[in-house]
Amino acid sequence: MQVKAGPLLSKINYPADLKQYSESDLEQISQELRQYIIDVVSVNGGHFGASLGVVELTVALHYALNTPYDKLVWDVGHQAYGHKILTGRRDLFHTNRVYGGISGFPKISESEYDTFGVGHSSTSISAALGMAVASQLKGETDRQHVAVIGDGAMTAGLAFEGLNHAGIENSNVLVILNDNCMSIDPNVGALKEYLTSITISKSYNRFRDDISHVLTGLSKLGPNAHKYVKKIEKSIKGTLLKQSNLFEALNFRYFGPVDGHDVKRLAQVIKDLAAIPGPKLLHCVTVKGKGFALAEKDQTKWHAPGLFDKITGEIKKSISDKPQPPKYQDVFGHTMVELAEANEKIVGITPAMPSGSSLNIMMKAMPKRAFDVGIAEQHAVTFSAGLAVQGLVPFCNIYSSFMQRAYDQVIHDVAIQKLNVVFCLDRAGLAGADGATHHGAYDIAYMRCIPNLVVSSPMNEEELRNLMFTAQQENIGPFVIRYPRGNGVMPDWKRPFKALEIGKGRKICDGEDVALLTIGHVGNFAVEACIELNSEGFYPAHYDLRFIKPLDEALLHEVFAKYKHIITVEDGSLPGGAGSAVIEFMTDNHYNAQVVRLGIPDKFIDHGEQPELWAECGYDKDAIVKAVKNVAVKRVTDKMAG
């Protein structure tokens, strides 16, 4: 269903069209843009609250700036729905995050207005600074460079590295801090408290408004007056806030806080700031989910609610009359509490994803033993190492694609020191509608090459529980458990714990001609394939590796001694993956067999529903059936003949 835009928005295809309107029209345009986002997302799904919160800021930026000549970087990209609608993609917006449609995040290949790809957080300041320095070197002194960074994204080290460098470059950079006290879950940490102290300082905010016009007037009196203005500003801010300003200490001129929903005022401020040279920071206070009452009230729930009724606010979920298997993340969350109740050494850590990883279950049950460290994956890993070196057993839950940001810490701080940190990598494999920036395609390849690590992947919920139980035994060392986004296969999943032998796989079924070697959840695709193949007279064997490192060498000797055709199936990248490990074993042990590898090919995979992407990459049930039929012999049994 194509959603109809409002009377003003329907005439805006690009920012040039927006500029034809007067400032007095910006409020109505903002209202229409917000309603359009609500209308489309309610029937198509996607991120919700973040883009509603920056509607006025989005309109003001494209009204005041000369985009795409002026460079605008969104951080994180799920704020950018309004940006996409105003930059030539309104009529395509219903395909947002749909297979073959536009991306849910800014993407350079999609539009010249998307100046930088932003699926992971905290990259905008460094990227905008790089653009600003490049413009400076090319003599483009009139070009603006704006990084819109959410306050949650400001907790990452990369954001501070960018600020630190930008403060000495004197390049034309404007950082807009979108302060709503939220990332996906409520923000944590000292920075949040610092920003809150600024926004609630009544004396500072009142006096700031009184002097703003005076300071603006003084700044027009020449370069010397400009120096005095800066001194006056700094003195006033330091006195009224009773603390030094963090951003000005980094050589940024600080402006704010300003109302992020006053679109006319925002447009004026952005125009004024564009005339001031050097690094600047505008502190914008917004409400995540602005304009949709339920989203304002429960911002975590409405970050990405799925389909919903825009009138009643009812979130639409399919209801089955049969027990359904749980999400892997919920199995992790409940199992953490069970294990921690029995083992007082266990603690939980997540970098700003307590609800996404379900660590919030432990945070509620045991608040002193579960830690949200903010969007700071490097810190999460080394913090875990510090806990482990003192004898605790940290379970560090990080999305697979986000773990890439802390790779050095895994090697240097955990693996070399053989510390018992348990890395639970959620969203391993193809994550779905978030696309290439969020797929956990590389963890098998980048983890299995590190000495001292155990790398595992459960085929179902029971195995996830048992791997977690195994990982917290004495003197286990660094342990990786990877599992996918979405549901498992076992409605009856809560079974007694059992310690697993590390490096030991299992035979699912014996067979003839060909052996299937699977790792993780995709083993269930092979089970389904075997059922279909058996009904047609094909009888492949099936083995669940369970561990990528160490490999079950006894199992592999059995397989290579018996089968000349082997098919590996994994939900990870084929280069360096589990199939590569099997071929390495074959070569090292002088076997000779035909090995066919199914998995994620050597390219970035776009967004779509998981089954669509499994099929595209060629490792779903149908692809396994086809691969077996290519090499197996069809046998007619008495049962089939009858």
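Use the structure listed above.
For the structure given in this document, a descriptive report is provided here. (Residues numbered from 1 in each chain as written. Predicted model: local features only at pLDDT ≥ 70, side-chain atom pairs only at ≥ 80, totals over all residues. Heavy atoms only, no water.)

Comments concerning the sheet that holds strand S11 (residues 479-482)
Consider a sheet: its strands pair through backbone hydrogen bonds, and that pairing is either parallel or antiparallel. For clarity, the threshold we go by: Any two strands with at least two DSSP-identified bridges between them are counted as paired. Starting at the N terminus, helices and strands are each numbered in turn, a helix being any DSSP run of H or I of at least four residues and a strand any DSSP run of E of at least two. Helix axes use the C-alpha atoms of the stretch in contact, all axes being lines fitted to C-alpha atoms, and the angles between their N-to-C directions lie in the range 0 to 180 degrees. Two residues qualify as a contact provided that any one of their heavy atoms is within 4.5 Å of a heavy atom in the partner residue.
Strand order in the open sheet made by the seven strands is S7-S6-S8-S9-S11-S10-S15, with mixed pairing throughout. Looking at which strands have only one partner, the edges of the open sheet turn out to be strand S7 (370-372) and strand S15 (547-549). The mean angle between the axes of side-by-side strands here comes to 20 degrees, regardless of whether they run parallel or antiparallel. For strand S9 (residues 422-426) and S11, the ladder comprises four bridges, and the chain directions are parallel. Its bridge partner being in S11, leucine 425 is matched across the sheet by arginine 482. Across the sheet, helix H17 (residues 377-389) is in contact with strand S6 (346-350), S7, strand S8 (393-399) and S9; its angle to S8 comes to roughly 165 degrees.

Comments concerning the nonpolar core
Applicable threshold: Here the nonpolar core consists of buried residues drawn from Ala, Val, Leu, Ile, Met, Phe, Trp, Tyr and Cys, with membership extended through side-chain atoms lying within 4.5 Å. Per-residue accessibility, obtained with a 1.4 Å probe over protein chains only, is compared with the maximum for each type, and a residue is labelled buried under 20%, exposed over 50%, and partly exposed between these values.
With 75 residues, the main nonpolar core has Phe48, Leu57, Leu61, Met154, Val175, Ile176 and Leu282 as its most contacted residues. In terms of residues, this core owes the most to one element, helix H2 (residues 26-44), which gives eight residues. Excluding anything up to four places from it in sequence, phenylalanine 48 contacts Ile38, Val41, Phe292, Ala295, Trp302, His303, Ala304, Pro305 and Phe308. Counting residues in hydrophobic clusters, the runner-up holds 48 residues, among them Ala385, Ala415, Leu556 and Val582.

Some details on the sheet that holds strand S17 (residues 594-600)
With respect to topology, five strands assemble into an open sheet ordered S12-S14-S13-S16-S17, the strand pairing being mixed. Only two strands of the sheet have a single neighbouring strand rather than two, namely strand S12 (506-509) and S17. On average, adjacent strands in this sheet sit at an angle of 25 degrees to one another, irrespective of strand direction.

Concerning the environment of glycine 386
You can see glycine 386 is positioned in helix H17. Taking relative accessible area as the criterion, glycine 386 reaches 37% and is therefore assigned partly exposed. Here the alpha-carbon distance between glycine 386 and aspartate 413, two residues 27 residues apart in the chain, equals 8.7 Å.

Considerations on the state of the cysteines
Two cysteines whose sulfur atoms are joined by a covalent bond form what is called a disulfide. Convention followed: What counts as a disulfide here is a pair of cysteine sulfur atoms lying within 2.5 Å.
This model, assessed by the stated rule, comprises zero disulfides. Not engaged in a disulfide, the cysteine cysteine 424 finds its nearest cysteine sulfur in cysteine 396; these two sulfurs lie 8.6 Å apart. When its relative accessible area of 0% is taken as the criterion, cysteine 424 is described as buried. Its sulfur unpaired, cysteine 509 is 4.5 Å from the next cysteine sulfur, which belongs to cysteine 530.

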